[in-house]
Structure formats: C-alpha cells, structure tokens
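Below, each chain spelled out in residue letters.
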Amino acid sequence: MNNAVNNGHDDAIWSGTWVAERLGVELVGDDTLTDLLGLALRRNPKRAHLLVSHVLGKHIPQSPSVVHGHGLALGRRVRELLGAEEAARAIVLGYAETATGLGHCVADGLGAAPYLHSTRRPVAGVVTAGGFEESHSHATSHLLLPEDPSLLVGDGPLVLVDDEFSTGNTVLNTIRALHERYPRRRYVVVALVDMRSAADAGRLAEFAREIGARVDLIATASGAVRLPEGVLEKGQELVARYEAEAAASDDRPPPGSRGPVAQVAAPVERSADLEADVRSDPLGVRGTARPASHDPHPADDRTRPARPPGRITRVDVRWPRGLPDGGRHGFTPQHRTRLEAALPAMAARLAEAIPEDAARVLVLGFEELMYAPLRLAHELEQVVAAEVRYSTTTRSPVLAVDDPGYAIRSRIVFPAHDDPADGPGERYAYNVAGGGFDAVVAVVDSVADTPELHAPGGLLARLAAHTPHVVLAVVPSYVPGPLYAAALSEERPDMLPEPLRGPAFSSYAPEEVGWLLQDLSDVTLEAPTEEREEAIQSGGAHYAESLPVEYQPSEQYQALFHAALETSAARIAQAVGVVTDTVIAERSPRPVLVSLARAGTPVGVLMRRWAQFRHGLDLPHYAVSIVRGRGIDANALRWLAAHHDPRDVVFVDGWTGKGAITRELAAAVEEFEARGGAAGFDPEIAVLADPGSCVRTYGTRDDFLIPSACLNSTVSGLVSRTVLRADLVGPDDFHGAKFYRELAGSDVSVAFLDAVAARFPEVADAVDGAVKELLAGERTPSWEGWAAVERISEEYGIHDVNLVKPGVGETTRVLLRRVPWKILARAGAGADLDHVRLLAEQRGVPVEEVGDLPYTCVGLIHPQYTRGATGADGKAVTV
C-alpha cells in the first residue's frame with residue numbers, strides 16, 4: 001500500500017494526496033492506514049508533516065461513537081493481553097493534549113482502571129508528581145498532577161496511550177522518568193497508529209531490556225512514513241509561502257510574528273468543492289475528486305468575507321458537584337460511574353438549546369478537555385435527530401488548504417482564553433469553518449470561561465461567524481481542594497487526636513507504644529478469607545478495606561508457638577540489639593521509633609526496651625499504618641512532624657520479603673514532601689530480619705522463624721491489621737484498626753516481649769561484636785529477594801509478584817490470612833517450619849521441597865482464585 005490508495009472510492013482521493021504530491025511523502029503499511037490518516041503541514045521547526053487522524057476527534061470532526069469506539073476497542077485489546085487479574089491492577093496514562101480523550105476511552109475499555117493524563121497547565125497548590133518531554137512537539141513539557149499521591153505507586157501494569165507513535169522518543173522519555181520514581185515490571189504502550197521505523201522499534205525493545213521490564217505495544221494500524229531528502233526545508237518553505245498569502249489577503253502579519261491578532265471575525269464562505277464534500281462524505285475521511293483546474297488556497301477563516309453572526313446561547317448542563325472534568329488529576333472507575341449516570345440529563349439540556357431543524361451539529365471540545373465533550377456528544381447523538389460530530393480546539397499550528405486532497409480544509413484562529421502559563425498566543429479549530437454545521441456546542445472548563453472567550457475575535461465570535469447557533473457549555477474545572485488545602489495548612493496537626501494507648505486500645509502498656517490510628521472496634525469489618533481473596537483478586541476490593549477473620553490457634557499450634565519462642569528468643573534478642581544499636585550509631589542518638597503496624601510493632605517495642613536496657617534511653621515509640629498501593633498515613637506523618645524532628649524518626653518493621661513495603665514507604669515519603677509536607681523523614685526501614693536484602697539497617701539477614709509472625713493480633717497487642725476505607729477514614733483522620741478485647745484470654749503479646757527481653761543480658765557482648773562488624777561491612781541492598789520472587793512467579797506460571805510471599809514470616813501470613821496454593825520449602829529446613837507444616841496440613845495445602853530456594857520457605861497465594869476453583873472451605877486444589 002502507498003499514498004495513492006483512496007479508501008476504495010473511485011471518485012475520491014486520499015486526504016494526504018496534496019502533501020504527498022508536493023513533498024514526496026509516502027505512507028507504507030497496513031491497508032487500513034489511509035482510512036485512519038490524512039496528511040497536513042505543520043508550522044513546526046522540528047517536523048514538516050502532520051499525520052491527521054480521521055478517528056481521533058481532534059482536527060477532523062467525526063462521529064462521537066466512532067471516536068469512543070476506537071478507544072474502547074484498544075482498551076479491550078489491552079485487557080485481553082494482560083488478563084483480567086493484571087488488568088484489574090493497571091493504571092492508564094494519556095498524553096496531553098491530543099490523546100487525553102483517547103486515553104480515557106482506553107481506560108473505559110480496560111475496565112476498572114484509574115486514569116491520569118499529562119497536562120501542560122500548572123495548577124496552583126498542586127505539586128507535580130513527575131514530568132517528561134515530548135521532543136518533536138510544538139509544546140514539549142508534560143506535567144503529572146495526580147490528586148492521589150499514591151496513584152502511580154505500585155507494581156501493576158502502566159498503560160501509556162498516545163494517538164500515534166512516530167519515533168517512540170516520548171514513550172522512552174516517559175517510561176524512563178517514571179521508572180526511576182515508580183519502578184514496575186510491565187508497561188503497555190497503546191496508539192491508534194504505530195509509525196515507527198524498524199530502528200526505532202528496536203530502541204524500545206532494547207530499552208525494555210535495559211530497565212528489566214516488559215514493554216508491549218498495541219496499535220490499531222501500523223506502518224511508516226517515507227520522507228525524501230530535504231523534506232523539512234521544503235515543507236517549511238511551502239508553509240511560509242501559503243501563510244504569507246493568507247496574511248497578505250487580510251493585511252495581517254504572518255503567524256509567528258509579533259504583529260496584532262485580528263479582532264473581527266471574517267468567516268469562510270464554503271466553496272462548492274467543500275460544500276459537496278460535506279454532503280457526500282460527512283465523516284471527512286476522504287475528499288472528492290479534485291477538478292484539474294482547481295487552485296487550492298489558504299483556508300484561514302480571516303481571509304474570507306463576513307456574514308451576519310449566529311446566536312450565542314449559554315446552557316448550564318449541571319455538571320455533578322465534585323466530579324472531575326477529566327483525568328488531569330486522576331479519574332477513577334467511581335468517577336466514570338457518576339459521569340455515566342449524569343450524562344442523559346446533561347445531554348437533554350443541551351438538546352433543548354439546539355434548533356429542532358438542525359441537520360448537522362458539532363460538539364467542540366477545548367484542548368486537553370476532550371473526554372467530557374466526547375461523552376456529551378455521544379449521548380447527544382442518541383437523543384437528537386441531527387447528525388452529530390465531535391472535534392476539539394488545539395494549540396497546534398497547522399497550515400489549512402482548501403483542497404479535497406488535504407486533511408485540514410479550513411482553520412479558525414482565535415486568541416487563547418485560559419490564561420496559559422506560557423503566555424498568550426493563537427489557538428485553532430480545524431475543519432469547522434465551511435463544515436455545514438447548523439449548530440456548534442462549545443464545551444470548555446471554567447478556567448477557560450474568560451473575557452477572552454467572549455470578546456470580539458474570541459472563539460465564540462469566530463464560531464458565530466460560521467454557524468447560526470452557538471451553544472456554550474461550561475463544566476467546572478476540577479482542582480483538588482479540601483484534601484490538599486487541609487494538608488498544607490499549618491493548623492491541621494492541631495486537629496489530629498493524640499495517639500491511642502493501652503489499656504484502652506491494645507494490651508501493651510501505655511508507655512510501650514502510641515497508636516496513630518482511629519479506633520474502629522465497633523465496626524464489623526471481618527469477612528471470610530475466601531470471600532476476601534476473591535474480591536481482592538477480581539479487583540472488586542482492596543485488601544485494606546476489610547479484615548480477615550482472626551485465626552484461632554489450636555492447642556497443638558499454640559504449643560508450637562511456645563516451643564519456637566523458647567528456641568529462638570536469644571536469637572531474636574541479639575537481632576533486636578544489633579538493629580537498635582545500629583540505628584543509634586548511624587541515624588540518631590535519640591531516635592523516635594515509628595513501627596509499621598502491625599508486624600513492626602512488637603519489634604519497635606523490643607527496640608525501645610533494648611535502648612532502655614543497654615543505654616538508659618526512654619525512646620518514644622509510635623505505630624502508624626502503611627498500605628500497599630495507598631502509601632503511608634499522611635496524617636500520622638503530619639502529627640509526627642508537629643511533635644518531633646522528622647530527622648529523628650526511624651521507621652521499623654519486622655522483616656523484609658521482596659521489599660514491596662520498602663519501595664512503598666520511599667515513594668510515599670517523597671510524595672508527602674512534594675505535597676508540601678514536612679521534609680526530613682528518612683524512608684529507610686530498620687528491620688529485625690532482612691532475608692530479601694532490601695535495606696541497610698537490620699539485625700540479621702537470616703530467614704528464620706520470628707515467633708511473632710506465627711500469630712495475628714494475639715501477639716501484637718490484640719490490634720487488627722489497619723483499615724483504609726473511604727466511608728470510614730476521612731481526609732482528616734488517621735487510618736483505622738480494631739482492638740480485639742474479646743481475645744484477651746489468648747493474648748501472648750506481653751509474654752512474647754518478656755521472653756525475648758529476658759535474654760538481653762546474655763546476648764549483650766555478642767551484640768557489641770556484631771554491630772562493629774556490621775558497621776564496618778558492606779550492606780548495600782542487593783534486592784536478591786525481589787529477583788527470586790520474579791523468577792518464582794514466572795516458573796510457577798503465576799505472573800504476579802504480589803501472589804508470591806517469601807520468607808517464614810510472609811509464608812505464615814499467607815496461611816493465616818489468604819488462600820494459599822502451595823508452600824515451597826527449602827530442602828532440609830528444620831524446626832523453623834514446624835508451624836508452617838502444621839498450618840499447611842490444616843488447610844490442605846501441599847508443601848513442596850525445593851533444593852535451591854534462597855528463602856527458608858515461600859508461600860504462593862492461589863492464582864486466579866475463585867471459590868469455585870478452590871472450594872468454599874478454602875482448601876487448595878492442586879492445579
């Protein structure tokens with residue numbers, strides 16, 4: 001296929017013919033390529049040609065159902081590629097300005113995926129979470145401004161959506177920038193057309209190998225652009241000549257000069273050629289055959305005679321309060337549900353403002369605001385008799401030529417009306433003038449509803465020169481308000497309550513730990529393990545929104561716990577001493593211990609006891625919540641910063657597995673500071689055991705049984721896992737947890753602490769020697785645990801590292817709280833795994849011995865779990 005293909009119409013020519021004939025540009029690739037693309041010339045020093053999409057809804061008015069349908073189809077292909085489980089964990093990122101709407105539509109097709117698009121509009125009070133450059137664009141800088149600072153955190157797939165891939169540079173820049181801050185193992189790149197050369201495609205594959213991640217690519221069509229020598233200079237000369245002709249025709253300076261912008265709209269009278277095209281080819285996909293004598297001319301709307309302006313009407317569509325107008329700050333599946341519920345009523349209000357006899361209606365979006373106008377247009381398409389089309393205004397300067405073989409037939413020029421950060425300038429609406437529209441519905445956000453919009457020569461006046469009816473619909477610009485306004489307030493820490501303490505909350509003594517949590521003891525949060533697992537893996541719930549039913553150990557299991565404690569108490573005492581003295585030596589002489597609830601809390605109490613025993617220090621100790629995928633409790637950090645020096649805070653956890661919480665904490669602290677929170681928190685965790693080699697501060701790197709991992713709340717002060725649910729935890733609240741007072745008869749929390757602390761005197765000398773050796777040695781994390789988990793995930797066909805739980809502690813958690821599939825045990829492992837073997841036997845889970853396992857054991861959560869696949873009793877079925 002080449003540029004001569006004309007979509008199968010004998011009387012039609014391809015809308016890239018004009019450029020192809022003059023510059024020698026060719027498209028080579030899929031048979032559908034010229035159905036999707038035309039060509040135009042851009043006013044850009046980096047690239048002469050512009051690929052103009054027929055189905056994007058940007059430059060060419062198109063049926064909204066066609067535009068939305070192409071995005072949905074791409075999203076469904078991504079879902080098929082990832083599988084339902086991975087798709088449920090995906091995040092979609094679209095590119096400003098052209099692909100903001102397309103990215104939304106891909107997220108719709110993918111399913112329950114949150115969406116964020118880059119933006120070129122800084123928003124006061126919202127700090128960037130990242131950015132990247134688009135090398136060939138006329139406006140290069142992209143900002144990422146998510147409302148939820150944890151949106152980009154996690155290891156689920158990131159789906160990047162653009163309208164076209166020409167070189168792949170933008171994608172490389174994006175992944176490179178984001179991977180440094182938010183590393184993940186999989187990316188999916190999506191576009192309508194993939195126009196990269198073989199060399200550019202190879203660069204992307206090489207880059208994926210370099211960062212150790214998988215990068216897939218999905219496109220509706222693919223091909224390449226063949227450019228002859230000197231095409232850039234030739235194209236620039238051609239653009240300059242035609243722009244000069246347009247400038248001379250209305251005595252104005254050419255674009256790019258510093259002359260004034262014309263203030264009176266001079267509309268285009270439609271040529272006979274264009275009039276015929278509108279009626280025979282309303283989608284604008286093809287052009288009619290060009291008369292041999294036709295002399296194409298610039299089609300700037302200011303070069304034609306004026307006619308009486310149309311009527312301008314303002315309509316309040318009653319946009320739902322608090323609903324984002326798009327994905328600039330994030331758009332969740334819940335937002336999508338609210339929008340879809342409100343669309344029929346909003347479209348009905350627009351329909352009332354459109355004349356009943358209108359045959360052709362355009363819904364015109366505004367630059368990055370593409371999705372909301374598209375969905376309104378799609379809904380309007382269902383309720384009016386008129387033919388509805390959709391496109392948007394743009395910052396991109398493109399030459400317009402009134403020729404059926406050219407993709408941009410006309411151009412409306414008007415001043416920017418949203419007070420852009422890069423200063424005033426021209427904006428454009430293409431293929432609107434002369435398009436035969438009986439009404440144009442202009443949809444803008446409230447930031448753009450300015451005097452410039454309504455001024456003579458502004459967008460509304462320009463539109464009124466070309467249609468008898470202009471309808472203005474303004475949707476409120478969404479800015480993250482109360483959450484971050486409160487977050488940045490100096491008064492906010494005073495609003496937060498004092499820590500909860502025993503015996504009112506937890507069975508620990510009040511001086512042992514203060515819980516920066518809210519008490520949810522009276523709320524029913526427990527759900528059966530199997531029910532929770534199904535909801536979590538299907539994407540229907542986050543693990544932190546409910547609690548597992550607390551495991552009640554049998555007498556045999558309790559006997560194992562006490563035997564393990566007797567055997568390992570001295571070993572644990574030494575690790576406690578080593579990690580505590582390392583913290584005091586390196587981090588702070590009087591550290592503020594902040595344990596990550598709840599596994600870190602017994603360790604934090606023991607470290608506090610060691611500091612008191614060995615150094616006479618009475619260290620403050622608090623417990624805070626951190627949730628995978630959601631980050632650390634920012635309110636707890638604010639409380640800590642208001643009462644202590646953040647530089648003295650040391651985060652404490654029980655052990656590392658693959659290092660997920662280590663990464664989570666680092667990203668969360670960075671986001672907290674970026675949002676205006678106090679600086680100085682060191683995100684490195686101090687742990688009792690670091691078998692995954694994920695941190696520098698640890699008591700040991702051996703993978704051995706820590707008895708506190710054997711039980712749940714009954715060894716952790718009778719406190720549940722932490723809970724983060726929107727209907728229970730507001731923006732000014734700490735995360736929640738429950739105090740299980742009713743389990744006091746089984747509580748061994750203090751007994752565990754006393755048994756370990758009783759061994760402190762006998763290990764003191766060994767601690768001194770171990771600390772000296774540790775401080776002098778090499779402790780750089782190797783992350784070998786993460787690598788092992790990735791290998792196991794692939795070897796066992798799980799393809800999700802979150803379902804692989806390495807180490808004795810994490811394996812025990814799998815057996816107590818999740819639906820286990822199988823247990824991998826290192827060949828020859830002894831008493832450290834007695835309790836694991838017992839739990840596995842009770843739950844019908846096979847234990848498989850593995851010779852080269854880097855951990856003592858690894859727990860595998862049942863992949864693709866459903867109660868039908870596994871059994872209502874939760875017992876595993878060998879697959």
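Structure first, text after, so check above.
This is a predicted model, so every value here is computed, not measured.

Asks: Where do I start with the overall build of the chain in this structure?
Replies: Looking only at helices and strands, the chain has 25 helices and 34 strands in total. Once local pairs closer than 6 in sequence are excluded, the contacts in the chain between residues at least 24 apart make up 78%. Carbon and sulfur atoms make up 51% of the accessible area of the chain, which amounts to about 31700 Å² in all.

Asks: Even after reading the chapter, I still don't get the pattern of salt bridges, so can you show me in this structure?
Replies: Between side chains of opposite charge, a pair can form when the charged atoms approach closely. Overall, the coordinates contain 37 salt bridges when judged by the stated rule. In this structure, Asp-108 engages Arg-336 in a salt bridge whose closest nitrogen and oxygen atoms are separated by 2.3 Å. With Asp-108 in helix H4 (residues 100-110) and Arg-336 in helix H9 (residues 333-353), this pair connects stretches of sequence that are 228 residues apart. Just as Asp-108 is buried, Arg-336 falls in that class too. With its nearest N and O atoms 3.7 Å apart, the salt bridge here joins Arg-375 to Asp-108. Taken together, the residues span a long stretch of sequence, with Arg-375 in helix H10 (residues 371-383) and Asp-108 in helix H4 at a distance of 267 residues. Comparing Arg-375 with Asp-108 shows no difference in burial state: the two are buried.

Asks: When you look at the sheet that holds strand S32 (residues 820-826) in this model, what are you seeing that I'm missing?
Replies: Whether parallel or antiparallel, the strands of a sheet pair through hydrogen bonds between backbone atoms. Strands sit in the order S31-S34-S32-S33 across an open sheet of four strands; the sheet is mixed. Two strands close off the open sheet at either side, each with one partner strand: strand S31 (804-806) and strand S33 (847-850). Strand-to-strand twist in this sheet, taken as the mean axis angle between neighbours without regard to direction, amounts to 20°. Pairing between S32 and strand S34 (residues 857-861): five bridges, direction antiparallel. Within S34, the residue paired with Ala-825 across the bridge is Cys-857. On the sheet, helix H22 (residues 784-795) packs against S31, S32 and S34 and is oriented at approximately 140° with respect to S31.

Asks: Explain the environment of Leu-158 to me, please; I cannot follow it from the model alone.
Replies: By the element assignment, Leu-158 lies in strand S9 (residues 158-165). In this structure the C-alpha to C-alpha distance between Leu-158 and Ala-90, which are 68 residues apart in sequence, comes to 5.8 Å. Other than its neighbours up to four places away in sequence, Leu-158 contacts Ile-91, Leu-93, Leu-178, Arg-184, Arg-186, Tyr-187 and Val-188.

Asks: I keep staring at the packing of aromatic side chains and nothing clicks. Help me out?
Replies: What characterises a pair of aromatic rings is the spacing of the ring centres plus the angle enclosed by the ring planes. Applying the stated criterion across every chain, the model contains 13 aromatic pairs. With centroids separated by 5.9 Å and ring planes inclined at 55°, the aromatic side chains of Phe-505 and Phe-739 adopt a geometry described as tilted. Placement of Phe-505 in the loop between helix H14 (492-495) and strand S20 (514-515) and of Phe-739 in the loop between strand S30 (736-737) and helix H20 (749-757) is noted, with a sequence separation of 234 residues between them. A residue is classified by how much of its surface remains accessible, and Phe-739, at 8% relative accessible area, is buried. Ring centres of Trp-610 and Phe-760 lie 5.0 Å apart, and the angle between their planes is 85°; this geometry places the pair in the edge-to-face category. Highlighted residues: Trp-610 in helix H17 (residues 600-615) and Phe-760 in helix H21 (residues 760-776), separated in sequence by 150 residues. Grouping residues by exposure puts Trp-610 and Phe-760 together as buried.

Asks: Before we go on, may I ask you to explain the pairing of strand S4 (residues 49-53) in this structure?
Replies: Consecutive residues of a regular strand have side chains that alternate between opposite faces of the sheet. A large share of S4 lies buried, amounting to five of its five residues. Of the two faces of S4, the one holding His-49, Leu-51 and Ser-53 and the one holding Leu-50 and Val-52 are both buried throughout. Pairing geometry for strand S3 (residues 37-41) and S4, over five bridges, is antiparallel. Directly across from Leu-41, in S4, lies its bridge partner His-49.

Asks: Could you clarify how one ought to interpret the side chain of Arg-184 in this entry?
Replies: With respect to the element layout, Arg-184 can be found in the loop between helix H5 (169-181) and strand S10 (186-194). At 6.6 Å, Asp-155 is the nearest oppositely charged side chain to Arg-184, a buried residue that forms no salt bridge. Here the side chain of Arg-184 touches Leu-152 through a polar contact of 2.6 Å, landing on its backbone oxygen. A distance of 2.4 Å separates the side chain of Arg-184 from the backbone oxygen of Gly-156, its partner in a polar contact. Residues contacting Arg-184, with those up to four places away along its chain left out, are Ile-91, Leu-152, Gly-154, Asp-155, Gly-156, Pro-157, Leu-158, His-179 and Ala-213.

Asks: Looking at this structure, how should I read H17?
Replies: Two residues of an α-helix separated by three or four positions point the same way, owing to the 3.6 residues in each turn. Between the first and last C-alpha of H17 there are 22 Å, a value that for 16 residues agrees with the 22 Å anticipated at 1.5 Å per step. For H17, the buried fraction is high: twelve of the 16 residues fall into the buried class. Taken together, the buried positions of H17 are Gly-600, Thr-601, Pro-602, Val-603, Gly-604, Val-605, Leu-606, Met-607, Arg-608, Arg-609, Trp-610 and Ala-611. Following H17 by one or two positions, Gly-616 adopts a phi angle in the positive range, close to 70°.

Asks: For this particular structure, what's the right way to read the nonpolar core?
Replies: In globular proteins that are soluble, nonpolar side chains generally tend to be buried together. In terms of nonpolar packing, the biggest core is built from 138 residues, with Leu-41, Leu-110, Val-159, Leu-350, Tyr-406 and Leu-463 touching the most fellow members. For this core, the element with the highest residue contribution is S10, accounting for seven residues. With near-sequence residues (within four places) excluded, Val-159 lies in contact with Val-78, Ala-90, Ile-91, Val-92, Leu-93, Val-106, Leu-110, Val-188 and Val-190. In terms of nonpolar packing, the next biggest core, distinct from the first, is built from 104 residues, Val-578, Trp-655, Val-771 and Val-808 among them.

Asks: In this structure, what is going on with the environment of Phe-760? I would like to understand it.
Replies: Classification of Phe-760 by relative accessible area gives buried; the value is 2%. Sequence separation of Phe-760 and Arg-609 is 151 residues, and the distance between their C-alpha atoms is 9.4 Å. Apart from residues no more than four positions distant in its own chain, Phe-760 is found in contact with Ala-573, Val-576, Leu-606, Arg-609, Trp-610 and Phe-613.

Asks: Before we go on, may I ask you to explain the packing of H5 against helix H6 (residues 198-211) in this structure?
Replies: Each packed pair of helices is defined by two parameters, the angle between the axes and the distance between the axes. Relative to each other, H5 and H6 sit at 10°, their axes nearing to 11 Å. As the angle between them shows, H5 and H6 are arranged roughly parallel. Between H5 and H6, the residues in contact are Asn-169, Val-171, Leu-172, Ile-175, Arg-176 and His-179 and Arg-203, Leu-204, Phe-207 and Ile-211, respectively. For the contact of H5 with H6, the per-class residue count stands at six nonpolar, two polar and two charged.

Asks: Help me understand H10 in this model?
Replies: The terminal C-alpha atoms of H10 lie 19 Å apart, and with 13 residues this matches the ideal 18 Å at 1.5 Å per residue to within 8%. Among the residues making up H10, those that are buried are Tyr-371, Ala-372, Pro-373, Leu-374, Arg-375, Leu-376, Ala-377 and Leu-380. Each element contacted by the buried residues of H10 is listed here: helix H3 (64-87), H4, H9, strand S14 (360-366), strand S15 (387-393) and strand S18 (439-445).

Parameters and conventions
- Residues numbered from 1 in each chain as written.
- Predicted model: local features only at pLDDT ≥ 70, side-chain atom pairs only at ≥ 80, totals over all residues.
- Heavy atoms only, no water.
- Helix = DSSP H or I, 4+ residues; strand = E, 2+ residues; numbered from the N terminus.
- Contact = heavy atoms within 4.5 Å.
- Areas by Shrake-Rupley, 256 points an atom, 1.4 Å probe, with all protein chains shown as cover.
- Salt bridge = Lys/Arg side-chain N within 4 Å of Asp/Glu carboxyl O.
- Buried < 20%, exposed > 50% of the residue type's maximum accessible area, 1.4 Å probe, protein only.
- Pairing = 2+ DSSP bridges.
- Axes fitted to C-alpha atoms, helices over the stretch in contact; angles between N-to-C directions.
- Phe/Tyr/Trp six-rings, centres within 6.5 Å; stacked < 30°, edge-to-face > 60°.
- Lys, Arg positive; Asp, Glu negative; His and termini not counted.
- Polar contact = N/O pair within 3.5 Å; in protein donor to acceptor, adjacent residues only side chain to side chain.
- Expected span 1.5 Å × (residues − 1).
- Core = buried A, V, L, I, M, F, W, Y, C linked by side-chain atoms within 4.5 Å.
- Parallel < 35°, antiparallel > 145°, perpendicular 65-115°, else oblique.
- Nonpolar A, V, L, I, M, F, W, Y, C, P; charged D, E, K, R; others polar.

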